[in-house]
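# Understanding the architecture of this molecule
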Amino acid sequence: MKNLSRITFNPEQCGGKPCVRGMRIRVTDVLALLANHLTFEQILEEMPDLEEEDIQACIEYAIKKIDYPVLRAA
């Protein structure tokens, strides 16, 4: 997960939500576009300040946030 450094947090920006490289583009904005079946190319057209690595970083961030150990009863 080499792209996670592209995800930034600033309590003064977007309510402290994770954003891309200090811009006012939230990780959730990018993920919502992906969830609506936009391709990387379409997202980059929609948000020209983004780079392909930024989109990948958003995916990696989401993976990291939901990847938690599952404890099973013995």
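Below you will find a few notes about this structure. (Residues numbered from 1 in each chain as written. Predicted model: local features only at pLDDT ≥ 70, side-chain atom pairs only at ≥ 80, totals over all residues. Heavy atoms only, no water.)

Looking at the element boundaries, Glu60 is found in helix α3 (residues 52–66). Here Glu60 occupies a buried position and makes no salt bridge, while the nearest side chain of opposite charge, Lys2, is found at 6.8 Å. Here Asn3 takes part through its backbone nitrogen, which lies 3.2 Å from a polar atom of the side chain of Glu60. (Helix = DSSP H or I, 4+ residues; strand = E, 2+ residues; numbered from the N terminus. Buried < 20%, exposed > 50% of the residue type's maximum accessible area, 1.4 Å probe, protein only. Lys, Arg positive; Asp, Glu negative; His and termini not counted. Salt bridge = Lys/Arg side-chain N within 4 Å of Asp/Glu carboxyl O. Polar contact = N/O pair within 3.5 Å; in protein donor to acceptor, adjacent residues only side chain to side chain.)

Relative to the helices and strands, Leu44 resides in helix α2 (residues 40–46). Separated by ten residues in sequence, Leu44 and Asp54 have C-alpha atoms that sit 9.8 Å apart. Other than its neighbours up to four places away in sequence, Leu44 contacts Leu50, Glu51, Glu52 and Ile55. (Contact = heavy atoms within 4.5 Å.)

Right, let's get into a negative patch on the surface. Negative charge collects at one region of the surface, where Glu41, Glu45, Glu46, Glu52 and Glu53 lie side by side. Contributing elements (two or more residues each) for the negative patch: α2 and α3. Ranked by residues supplied to the negative patch, first place goes to α2 with three residues. Mapping Glu45 onto the fold places it in helix α2. Here Glu45 falls in the exposed class, since its relative accessible area comes to 65%. (Patch = residues over 30% accessible without salt bridge, like charges linked within 9 Å, V, L, I, M, F, W, Y side chains within 5 Å. Areas by Shrake-Rupley, 256 points an atom, 1.4 Å probe, with all protein chains shown as cover. Charge placed at Lys NZ, Arg CZ, Asp CG, Glu CD.)

A separate point is the pattern of salt bridges. Evaluated as defined, the whole model comprises four salt bridges. Between Asp54 and Arg6 there is a salt bridge, and its shortest N-O distance comes to 2.6 Å. Placement of the pair is Asp54 in helix α3 and Arg6 in the segment before β1 (7–8), with a sequence separation of 48 residues. Residues Asp54 and Arg6 agree in their burial class; the two are buried. Residue Asp54 is joined to Arg21 by a salt bridge in which the shortest nitrogen-to-oxygen separation is 2.7 Å. In this pair, Asp54 is assigned in helix α3 and Arg21 in the loop between β2 (19–20) and α1 (27–35), connecting sequence segments 33 residues apart. Taken together, the salt bridges that share partners define one network made up of Arg6, Arg21, Glu51 and Asp54.

Any functional reading would require information that these geometric values do not contain.
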